[in-house]
Structures are given as C-alpha cells and as structure tokens.
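Structural overview for review
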Amino acid sequence: MGQDLIYLVKGPMATPAVRISLADAGLKERGDLQEWVVDHPEVIGDGVRIITIEYDKWSTGSGTTARQRLDVLGLSSAGQLVVAELKREQDRDIHLQALTYAALVSRFTPTTLAAVHADFLTRRGRPTAPEEAEAQLRDHVEGDLDPQVLANPRIVLLASDHPPQVVTAVDWLCEVSANRLQIELRTVNAWRIGDQIAVRFDVMYPVVGIDQKLLSPTDIGTTATSTIAEKTAEATRAANTVRQIVDNGLLDVDAALTLQPTTEIPADMRAAIEAWVAEEPRRGRATWTAEPAGPLRWEGDGNTWRPTPLVRHIIKQATGRDRGGRGPAWWVTKDGVDLTALAFGRTSRDWADLHQLIERIQPGEWTNYGELAQIIGVPAISVGQHIANCIECPKGTYRVLTSTGIPAEGFRWTDPTMTQSCREVLDSEGITFDDSGRANQAQRVSGSLLQQRRRLTTRSLPTSNHAER
C-alpha cells in the first residue's frame, strides 16, 4: 500500500502532516473513537443510524447469560444491522470477535431492537419509549424492517490497520459465503499538523463501488429477488437511490412523478390505494426537488417527503394499515421508469410476467387490463400502452378487454393481414356479448386464476405462440 501524503495548505505554502498512532495522540478507544462513530455514523457506512453501544445483555430461553460486549450496533437505511468492532491499534483477532457479535445480533426482532434503541437514547439524555423508537427506526429504513435482511448483519472492522491474516480470513469468508457474509475492513489514522490533530477514515476492503464499474454479461434468466443476499442488495439499492439520482443529475428538478404501488403489498391493498387516489388524483402525484432530505414534493399535502416515509403514510391513509414499502420503486417518471431503476440503469421494465399471464388466457375466456395490472403491480394504463405497442406480446392480447368487457378502442393487430375485428375473433372462440357490446362476465377469468396457472406451469409455451395477436 502506497504511503499517504497529507498537507495543510495556505496559499503557496504546504505543511506536511505527520502520521502518528492514536495512542501517541492521546486518543482512547472508548472515550474518543467510539464517540466519533456515535456522532458521525457515516464513518461506518452511509445512512447508518446508531442503535446502541457497549451492549452486553444476552441470554438463552433457559436463563443462561453471556456478557460479550459489542462496541457499536447500527442500522442502515436498507434495514440491515451493522456490527462495528473498534480497535485503536491492529488486532489479529478482531474478525473473530465481530463474527460472534454478528451471530448474536442476528436474533434481534424489530420489537427487541426498538427496546434497546429506546434505552440507548434515554441513557444519552433523550427519553424515548420503545414504541416511539420503533417508529423512528421504521422511518429510517427505506422499506419495511424485513426479518431476513435484519438477520443478515453487515460487519465493519475499524482499526489503525489490519494484518494479513485478518485480510485473508475476511476475503475467504466473503468468497466462500458467496458474499452472504458482508465484512468491511476500515481504517482510522491520526495525523499531526503543527499543534493540531486530524483523523482520517478509509475503506480498505472491499474496493468501494467497484461492482458498479465492472461490466459482465447480463444474466437474462434472473428472477425476482429470493435469497437473503439478493434481498439485502435490493434493499441497499433502494436506500441509495436518492443519493445516486441527485449526485448524477439523473432527474430534472420539478420532474413529474406518478404513484405506482408495487407487488410487495397484497393486491387488496393496492386496490385500496388506487381507489383512495381516484377520490383525489393529486394524491398520486409528486414532483422531484433534488433535495436529499426531501426529494419529493407530494401534491397530496404540498410538503416535501422522502419516498419511503411517504409511501408508509399513503398506505396508512388508504388502508388503515401501518406498513412500509420501498418508496423509490413506487414513484415513476413520465417514461414509466421507477426511481430505483433510474438510479441504477434499469430503464426498461421486463414484461415477461405480463406475457406469461396473457399466454394463460384460454379460448372462450377474457380478462381486463386492471386484473393483469394488479397482479404485476403496475397501473392499468401501463398495461394497455404496452400491449398496444409491443411486437413481442404473445397471441391472445385480443382477449384483454376494458373493465366493462368492451374491446379497447383503437385495438390493432400486429399482423397486417388480419382482417377480422377483435369482436369477431372473440365471437368465433365462443365469447358472447350483450346488446351493449359487453362481454359475458361469466366468461371473464380473474387475474388470480391466471397467476395460479402461471405458477403451475413449469415450461413456457412454444415460441410460435408469440407470432400473432
């Protein structure tokens, strides 16, 4: 590792800083280093809230106790616990202690975590009830407190340096766990400049941001997030979305955004939110402010919000239930791209889920845009726009009608040789219509049934079914 060169500059004069140990600077591990972390939690990671320090109350169901004392416990805005082990100097066993603490804190639930946080705040002169602490933690997290993410803590080892055996062990642990274990090596060093002392914090391992700079073949077979590591990564992306957009100028100030509830909440809740927004359409609109503390100006009340607290507020107002969602994914641009996709380059939606549902509408059946929209978690208008413009949609899109059972005005075939109308083809398949041109409701297939068929199907239909609409 190259030598750091630090200077205090004043005009043309550059005074070199002299590196010294924390001990030589008269700085202590608990009295100084630990307090720096509490006051500036960003030194152990962006978006970290300190939960407690020096926690040592562990016990089994039978009453057996243990007194291992962890240094610092934090919670990232992704909902992941952060275990920080602090050492003033090198320590060849620092990782072994931290692994034990990580295993212990993985047993925390939102309720027990809130109780510990309330105690910490109260001891620091801010009397707080456990219920209030839990509300603060939920507001801090971009999304809900996912038990699986909570049970997979990130480890931060902070010391003046890390010896080769620690670096080797950490690299091996991360690799054999396929990065299920997340361990960071960070350093803190003191510098004397004249009669002043400065400290510098660095990340030694892994190389920060390298995964966003390296190109590799896209995995076109990727499915919805399922493993804990993938859920944690997705939560981290959501937590970093606003900063990524602001820092890179990806969205213009005053850009219009539209509310689009995702499938992370049940269909009945999405329907309740859509009905609530329909009562007052401004509830479903916001504009981009580019201010990290409040990037959305919600037309519902004219105030600025962070995406996730706003989504929690909307869910509670519309359904009466207190739960969260990953807010950035709920707000989409005029181009139909949600904020998380915008921040991380996923600027087009994969419509495979819609195509699979359409494939499972059988002759003699019909469904509507709203049914499909609820299943895949997008507005019905987006489903209609995609079907109207997609040349890769499967055969059967003519079986998707409006909510009243009437073929969509302006429906057109992708095959220019088709001369029959949508109604005529449906007639030939056995669909009956009333005098007002509405399809028989008894022949309508629900989105939930199509979803069941989709889940039961283990093999995709042949490619030839994607030729004609």
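Here the structure is shown first, and the text comes after it.
Everything in this summary refers to the structure shown in the same document.

Analysis parameters
- Residues numbered from 1 in each chain as written.
- Predicted model: local features only at pLDDT ≥ 70, side-chain atom pairs only at ≥ 80, totals over all residues.
- Heavy atoms only, no water.
- Axes fitted to C-alpha atoms, helices over the stretch in contact; angles between N-to-C directions.
- Helix = DSSP H or I, 4+ residues; strand = E, 2+ residues; numbered from the N terminus.
- Parallel < 35°, antiparallel > 145°, perpendicular 65-115°, else oblique.
- Left-handed = near helix turned anticlockwise from the far one by under 90°.
- Contact = heavy atoms within 4.5 Å.
- Nonpolar A, V, L, I, M, F, W, Y, C, P; charged D, E, K, R; others polar.
- Buried < 20%, exposed > 50% of the residue type's maximum accessible area, 1.4 Å probe, protein only.
- Arc of directions from axis to C-beta.
- Pairing = 2+ DSSP bridges.
- Phe/Tyr/Trp six-rings, centres within 6.5 Å; stacked < 30°, edge-to-face > 60°.
- Lys NZ or Arg CZ within 6 Å of the ring centre and 35° of its normal.

1. Observations regarding the packing of helix α12 (residues 369-376) against helix α15 (residues 447-456)
At their nearest, the axes of α12 and α15 sit 8 Å apart, and the two run at 55° to each other. On the basis of the axis angle, α12 is oblique to α15. Both α12 and α15 take part in a crossing whose hand is right-handed. Along the contact surface, α12 presents E371, L372 and I375, while α15 presents G447, S448, L450 and Q451. Of the residues contributing to the contact of α12 with α15, the split by class is three nonpolar, three polar and one charged.

2. As for α15
Of all the residues in α15, the buried ones are G447, L450, Q451 and R453. An end-on view of α15 places all buried positions within 160° of arc, on one side of the element. Opposite the packed face of α15, turned more than 90 degrees from it, sit the exposed residues R455 and L456. As for α15, its buried residues are in contact with α11 (352-359), β17 (367-368) and α12.

3. Observations regarding the pairing of strand β1 (residues 7-10)
Where β1 lies against strand β2 (residues 13-16), four bridges are found, and the strand directions are antiparallel. Its bridge partner being in β2, L8 is matched across the sheet by T15. Hairpin connection between β1 and β2: a loop of two residues separates the two successive antiparallel strands, and G11 in this loop has a positive phi of roughly 65°.

4. Quick notes on the sheet that holds strand β16 (residues 331-332)
Pairing in this open sheet of five strands is antiparallel, and the strands run β15-β14-β13-β12-β16 from one edge to the other. Unpaired on one side and paired on the other, β15 (304-305) and β16 mark the two borders of the sheet. Pairing of strand β12 (residues 256-259) with strand β13 (residues 285-288) involves three bridges; the strand directions are antiparallel. By the bridge assignment, L257 is partnered in β13 with A286. Strands in contact with helix α9 (residues 307-319) are β12, β14 (296-298), β15 and β16; relative to β14, the strand with the most contacts, it is inclined by about 25°.

5. Regarding the packing of aromatic side chains
Per the counting criterion, the structure on display carries eight aromatic pairs. Their ring planes at 85° and their centres at 6.3 Å tell us that W298 and W305 sit as a pair that is edge-to-face. Residue classification places W298 among the buried residues on the basis of a relative accessible area of 4%. Grouped by ring-pair contacts, the aromatic residues Y55, W58 and F108 constitute a single cluster. Geometry around F433 places R423 over its ring, the cationic atom sitting 4.1 Å from the centre.

6. Considerations on unusual backbone geometry
Note that the residue after Y205, namely P206, is joined by a cis bond; omega there is -5°. With a phi angle near 75°, D254 is a residue other than glycine that sits in the positive phi range. According to the relative accessible area criterion, D254 is exposed, its value standing at 58%.

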